[in-house]
Amino acid sequence: MMHFIVGSDKQSLSRARTWLYGLIFGCMFASCGHPYTTYTDTYFVSNQTEEEIRLVLDQAVMWDTCSIVNPQRAWYSTNNIPIAAGKTIRLHPIRREYKNVRAGDVLMISRIIGASAQLIAGNDTIIWKEHRYDYVYGDEWSIYNDTDWVTTEDKEEPYRYDHTFVIDHQKIERAKQ
């Protein structure tokens, strides 16, 4: 039994089949040949004092209260963030993708919270400004100083980094001087 396709011969059918396989494999290589690496950065701000403090940022950010007890999370979007005594807030995770693992740059906190921030603790207001063309020096306690953030890599999920900024009485006193 022979099958015939009207208007084509074996040679054109073979070329069409080759072209179709080439297209399929080309699409597969194009999608798999340059995979992206996804980085996840999560920022936490922890209040280790005995009183509520407040962060006032120059732009609204998404954050939550990190409540483990209550499965219903409250999401907020504001530039005025209260942090209760002994509590931690979490800024929304930031995800970014790169074709090359080595090409991934560090996401600066200034891109997330803006160019300036205020810490209000009791009657004290500490103003932090991002140093755009200069480094924030190690002796200045600031939310923009990289040395004041503790960064840990998640052992279970690759390319996930948690960054924590801890506010305590010693650091507040250091910032007042």
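It should be noted that the structure appears before, not after, this text.
What comes next concerns the included structure. Predicted model, so just to flag it, every value in this text is computed and none were measured.

1. Digging into the overall build of the protein chain
(1) Moving on: Helices and strands together make up the secondary structure of the protein chain, namely three helices and eight strands.
(2) Moving on: Counting the 177 residues in the protein chain, one finds 29% classified as buried.
(3) Moving on: The long-range share in the protein chain, meaning contacts at least 24 apart out of those at least 6 apart in sequence, stands at 64%.
(4) Moving on: As presented, the protein chain carries roughly 12,300 Å² of accessible surface, and 55% of it is formed by carbon and sulfur atoms.

2. Observations regarding the nonpolar core
(1) Moving on: Core analysis: the biggest nonpolar cluster contains 26 residues, and Leu55, Ile113, Leu119, Trp128 and Ile143 have the highest contact counts within it.
(2) Moving on: Secondary structure elements with two or more residues in this core: strand S1 (37-47), strand S2 (53-64), strand S3 (75-83), strand S4 (88-98), helix H2 (109-113), strand S5 (116-121), strand S6 (124-129) and strand S8 (160-167).
(3) Moving on: At five residues, S2 tops the list of elements feeding residues into this core.

3. Details of the pattern of salt bridges
(1) Moving on: In total, this model carries five salt bridges according to the counting rule given.
(2) Moving on: Between Glu52 and Arg54 there is a salt bridge, with its nearest N and O atoms 3.3 Å apart.

4. Focus on the side chain of Asn47
(1) Moving on: Here Asn47 lies in strand S1.
(2) Moving on: Within the structure, Asn47 has its side chain in polar contact with the backbone oxygen of Ala84 (distance 3.1 Å).
(3) Moving on: With sequence-adjacent residues up to four places away left out, Asn47 is seen in contact with Glu52, Ile53, Ile83, Ala84, Ala85, Gly86, Lys87 and Ile167.

5. Structural notes on the packing of aromatic side chains
(1) Moving on: On inspection of all chains with the given rule, the structure shows five aromatic pairs.
(2) Moving on: Look at Tyr43 and Trp149: their rings are 5.6 Å apart centre to centre, the planes differ by 90°, and that puts the pair in the edge-to-face class. One end of the pair, Tyr43, is in strand S1; the other, Trp149, is in strand S7 (residues 149-153), with 106 residues separating them in the sequence.
(3) Moving on: Look at Tyr43 and you get buried, because its relative accessible area is 3%.
(4) Moving on: When the ring of Trp128 is compared with that of Phe165, the centres are 5.7 Å apart and the planes differ by 85°; the resulting orientation is edge-to-face. Of this pair, Trp128 sits in strand S6 while Phe165 is found in strand S8, placing the two residues 37 residues apart along the sequence.
(5) Moving on: Every member of this aromatic cluster is reached through a ring pair, and the members are Tyr43, Trp128, Trp141, Trp149 and Phe165.

6. Description of the environment of Leu55
(1) Moving on: Within the secondary structure layout, Leu55 lies in strand S2.
(2) Moving on: Once you skip the residues sitting within four places of it in the chain, Leu55 turns out to touch Val45, Asn79, Asn80, Ile81, Ile83, Gln118, Leu119, Trp128 and Ile143.

7. A few points about the pairing of S8
In summary, the side chains of a regular strand alternate between the two faces of the sheet.
(1) Moving on: Alignment of S1 against S8, held across eight bridges, turns out to be parallel. Note that in S8 the partner of Phe44 across the bridge is Thr164.
(2) Moving on: Where S7 and S8 come together, five bridges link them in antiparallel fashion. Looking at the pairing, Thr151 lines up with His163 of S8.
(3) Moving on: Hairpin connection between S7 and S8: a loop of six residues separates the two successive antiparallel strands, and Tyr159 in this loop has a positive phi of roughly 60°.

The rules behind each value
- Residues numbered from 1 in each chain as written.
- Predicted model: local features only at pLDDT ≥ 70, side-chain atom pairs only at ≥ 80, totals over all residues.
- Heavy atoms only, no water.
- Helix = DSSP H or I, 4+ residues; strand = E, 2+ residues; numbered from the N terminus.
- Buried < 20%, exposed > 50% of the residue type's maximum accessible area, 1.4 Å probe, protein only.
- Contact = heavy atoms within 4.5 Å.
- Areas by Shrake-Rupley, 256 points an atom, 1.4 Å probe, with all protein chains shown as cover.
- Core = buried A, V, L, I, M, F, W, Y, C linked by side-chain atoms within 4.5 Å.
- Salt bridge = Lys/Arg side-chain N within 4 Å of Asp/Glu carboxyl O.
- Polar contact = N/O pair within 3.5 Å; in protein donor to acceptor, adjacent residues only side chain to side chain.
- Phe/Tyr/Trp six-rings, centres within 6.5 Å; stacked < 30°, edge-to-face > 60°.
- Pairing = 2+ DSSP bridges.

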